[in-house]
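Single-letter residue listing:
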Amino acid sequence: MPDFQPKIVAFVCTWCTYAGADLAGTSRIKYEPNVKIIRFPCTGRIDFMFLLKSFAYGADGVIVSGCHPNDCHYTSGNFHARRRWIVFRELVDLLGMDINRLCFSWVSAAEGAQWAEIVNSFTEQVRTLGPYKEYRELAEKDKK
Amino acid sequence: MEKPRTGVYICHCGTNIAKMVDVQAIAEDMKDTVNVIITRDYKYMCSDPGQDQIIKDIKEFNLNRIVVAACSPRIHELTFRKALQKAGLNPYLFQMANIREHVSWVHTDRAKATKKARALVSAAINRVNYHEPLIERSVDINPATLIIGGGISGITAALEIADAGKKIFLIEKSHKLGGHTAEIDLTYPYFYSAQQLIKPLIERVKNNKNIELFLETEVKEISGYIGNFETIISSKNTDKIPCLPAGRKLTFGNIIVAIGLSPMDPSPLKNYGYGKFPDVITSSEFENMLLSGNIIKKNGNIPENIAIIHCVGSRNNDYHDYCSRICCTVALKYANQLRSALPKANIYELYADMRSMSKGCEELYTETSRKNIMFLMFDQRNDLPEIKKGNDKSAPLIIEMNEKLSGETIEVPADMVILMTAMEARKSAKEVAHSTGVSLCGNHFFIEKHPKLDPVATTTGGVYIVGGCQSPKDIPDSVSQARAAAARILGVIVRGTAKVSATAAYINSSLCCGCQMCLSICPYTAITYDEEKKVSVVNEVLCQGCGTCVALCRPKAINIYGCSHIQMMTELSALLLSD
């Protein structure tokens, strides 16, 4: 499905990955327009319910990205995010969702190029998987 | 809560946004969104007329929510919040959509970029409906300041603050003060003695009763936040000058990072043969010779053919992409000092581009070029000179190079070669960045809060960066930054309080089940348990607003101002459902 434009939402912390995405901008690095960012103070703030909701609202893929281990502005929020992520990943797998629709990464304020790289490779990965329909259909049924 | 009346402003940023995003179309499309009263697009929203328009509209249309789609909120969120404040509106009834750094500068398809920008603007408009007026908290400032690094920058800042009567803890890793300035002979462009500059400053530091000096001391962990930091220091040195028993606790309100930089080891650049040829030396080694007053080769003889090679490791894709900024002028200084010491010697400057840009430095270049010094240009990107063994006794080294201006391949005879090595970040930068909570750029220099408007502050409140640790710089620039940071800190000390973000967690006690899981996860011990009511309570002064407890809380009893469940959920749904 080469023309498929996946909808991807990225949950990022303001100190590292958001700043890294800003740096990609100031460096004029070009990347795919499919990823939209939501800014959080810290990855520790990211309630993983947001990730499930993303799929219900029509996302085909989700990125979570924050500061590298030991670089958290709040000292340890990213470690809590990582622990939650490990549990969440298992849960998603158990639910029968393809975990390749999820991406967890560390991008620092200095890594503009890495951010562009993650966006491009993950967009390609989700594009290969195609649109994510299952959860959305369930959510639609739920509404009715 | 009164019904939201939202004003939406889409910035062109000159052509920065407008050329890749159809700003007019977005302004038009958003007109019919629920609660939107007015939409506008404008050349530069951050300019005075742009802000005045917002203020005027707030008054005229009785707006109570503002959305600006422009650059990154990390740049202008504060600007627009102040505009709201001016119009009498709480500054937190505002949301920004980043359509420059995250859209127009990174995408190439105008239709797709516009679609993405529209989704971001729509998300901001929907989210702002749930914004509440917030009150910025204020914290008391401990008037003491911690300065890490006792070079010219650290010393200058210490004296500036201490002379105003405020306490300084000055921490230096080595056994002496003065940093690089204490290790150089003359300064450019006016040939003042560096020793005469630094020695009186060091004396003043030692005699200043407000400065407590810790030599051979390193800072490991710093805890706290603006106004209220603390650290425990331990020193190897307990007998020399005023060092103190191991493990003393220091408390302070502000931090200046002044750890400086290091000269690069040129050994990896094999073409220059450093380490292989004993008379190929680094600029620091030559500076030592100048200080000792003895310009001699390894065999004890006086050199006759001296070559100075620029850009060793700087502006070089394999080592450091950046320009080290001071080496060209230092090289000119060397040529002058060599000419005075050895009137008959042949002196060669092998340069890539001559960048002697500070005040008085271009003049030094002109003056130097009249002193019978040979200037030869090489191609830094593709064609570096190579040092080889020569046969001649007066020229045991031969530098083979393609001279760029003449286009000829030449051999420069030399018996001493000085390598102008790059200036690089300290090895300890990462550790200091971690303990002070400041980010590093890709080259491991510290990142300032704003590259143009706030060059000595950092995104961590109460932490300032000065001198070479921010980027390579010379003495006057380091001193300017040091005094700037000192002035900023004195300003905060005089006020006695500092505003901190209004983003803080709060607990709905009727939902709290008293599990106390949030207590153990809070990095600031801002949550306590009320034994009587059997619920957790947040201390809003200690809370830094990370929100980790919010995501953890099972019964969803904890929420956070500025990043609440409803705000984030609304932003998410609008972002995905709008396209």
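What counts and what doesn't
Residues numbered from 1 in each chain as written. Chains lettered and ligands numbered in written order. Predicted model: local features only at pLDDT ≥ 70, side-chain atom pairs only at ≥ 80, totals over all residues. Helix = DSSP H or I, 4+ residues; strand = E, 2+ residues; numbered from the N terminus. Buried ≥ 20, exposed ≤ 12 C-beta atoms within 10 Å, placed from the backbone. Contact = placed C-beta atoms within 7 Å. Axes fitted to C-alpha atoms, helices over the stretch in contact; angles between N-to-C directions. Parallel < 35°, antiparallel > 145°, perpendicular 65-115°, else oblique. Left-handed = near helix turned anticlockwise from the far one by under 90°. Nonpolar A, V, L, I, M, F, W, Y, C, P; charged D, E, K, R; others polar. Pairing = 2+ DSSP bridges. Domains from an automatic or database assignment. Core = buried A, V, L, I, M, F, W, Y, C linked by C-beta atoms within 7 Å.

Observations concerning the overall build of chain B
- Across its full length, chain B carries 15 helices and 29 strands.
- The C-alpha extent of chain B, read off along each of the three principal axes, is 90 × 60 × 40 Å.
- Looking at the 579 residues of chain B, the share that counts as buried comes to 47%.
- For chain B, long-range pairs separated by at least 24 residues make up 69% of all intrachain contacts whose partners lie at least 6 apart in sequence.

Notes on the packing of helix H2 (residues 49-56) of chain A against helix H15 (residues 565-577) of chain B
- The geometry of H2 of chain A relative to H15 of chain B is characterised by a closest axis approach of 10 Å and an angle of 25° between their N-to-C directions. Relative to H15 of chain B, the element H2 of chain A lies roughly parallel. Where H2 of chain A crosses over H15 of chain B, the handedness of that crossing is right-handed. Of H15 of chain B, the residues touching H2 of chain A (which contributes Phe50, Lys53 and Ser54 of chain A) are Met568, Met569, Leu572 and Leu576 of chain B.

Overview of the interface of chain A and chain B
- Across the boundary between the two partners, chain A contributes 41 residues, which contact 42 residues of chain B.
- Listed by contribution, the elements that provide at least two residues to the side of chain A that touches chain B are helix H1 (17-26), strand E2 (35-40), H2 and helix H3 (77-94) of chain A.
- Counting residues per element, the side of chain A that touches chain B draws most heavily on H1 of chain A, at six residues.
- A breakdown of the residues in the side of chain A that touches chain B according to their chemical character gives 20 nonpolar, 12 polar and nine charged.

Some details on the pairing of strand E27 (residues 527-530) of chain B
Residues and elements named next belong to chain B.
- Summarising the sheet, E27 and strand E28 (residues 535-538) pair through four bridges and their orientation is antiparallel. Across the sheet, residue threonine 528 finds its bridge partner in E28, namely valine 537.
- Following E27, the chain reverses through four residues before pairing antiparallel with E28; lysine 534 in that reversal takes a positive phi of roughly 60°.

Considerations on the sheet that holds strand E19 (residues 386-389) of chain B
Residues and elements named next belong to chain B.
- With antiparallel pairing, the three strands of this open sheet are ordered in space as E19-E20-E21. Edge positions in the sheet fall to E19 and strand E21 (409-414), since each of these pairs with one other strand and no more. Pairs of neighbouring strands in the sheet enclose a mean axial angle of 30°, with direction left out of account.
- Bridge analysis of E19 against strand E20 (residues 397-402) gives four bridges, and the strand direction is antiparallel. When the bridges of E20 are listed, lysine 388 appears paired with isoleucine 398.

A closer look at unusual backbone geometry
Residues and elements named next belong to chain B.
- Cis rather than trans, the peptide bond between tyrosine 188 and proline 189 has omega equal to -10°.
- You can see proline 189 is positioned in the loop between strand E7 (168-171) and helix H7 (194-207).
- At phenylalanine 191, a residue that is not glycine, the phi angle is positive and equals roughly 60°.
- Locating phenylalanine 191 in the fold gives a position in the loop between E7 and H7.
- The exposure class assigned to phenylalanine 191 is partly exposed, which follows from the 13 C-beta atoms found within 10 Å.
- Unlike most non-glycine residues, arginine 315 shows phi in positive territory, near 50°.
- Among the secondary structure elements, arginine 315 is positioned in the loop between strand E16 (305-312) and helix H9 (327-341).

Description of the domain arrangement of chain B
All names here are of chain B.
- Assigned domains of chain B: these are domain 1 (6-133), domain 2 (145-260 + 426-498), domain 3 (270-423) and domain 4 (505-560).
- The interface of domain 2 with domain 3 comprises 13 residues on the first partner and 19 residues on the second.
- Partitioning the side of domain 2 that touches domain 3 into residue classes produces seven nonpolar, two polar and four charged.

Here's the deal with the nonpolar core
All names here are of chain B.
- Within the largest apolar cluster, 113 residues are counted, with the highest numbers of intra-cluster contacts made by Cys11, Val67, Val68, Ala69, Val121 and Ala124.
- A domain split of this core shows at least three residues from each of domain 1 (6-133) and domain 4 (505-560).
- Excluding residues within four positions of it along the chain, valine 67 makes contact with Thr6, Val8, Gln95, Ala97, Val121, Ala124, Ile125 and Val128.

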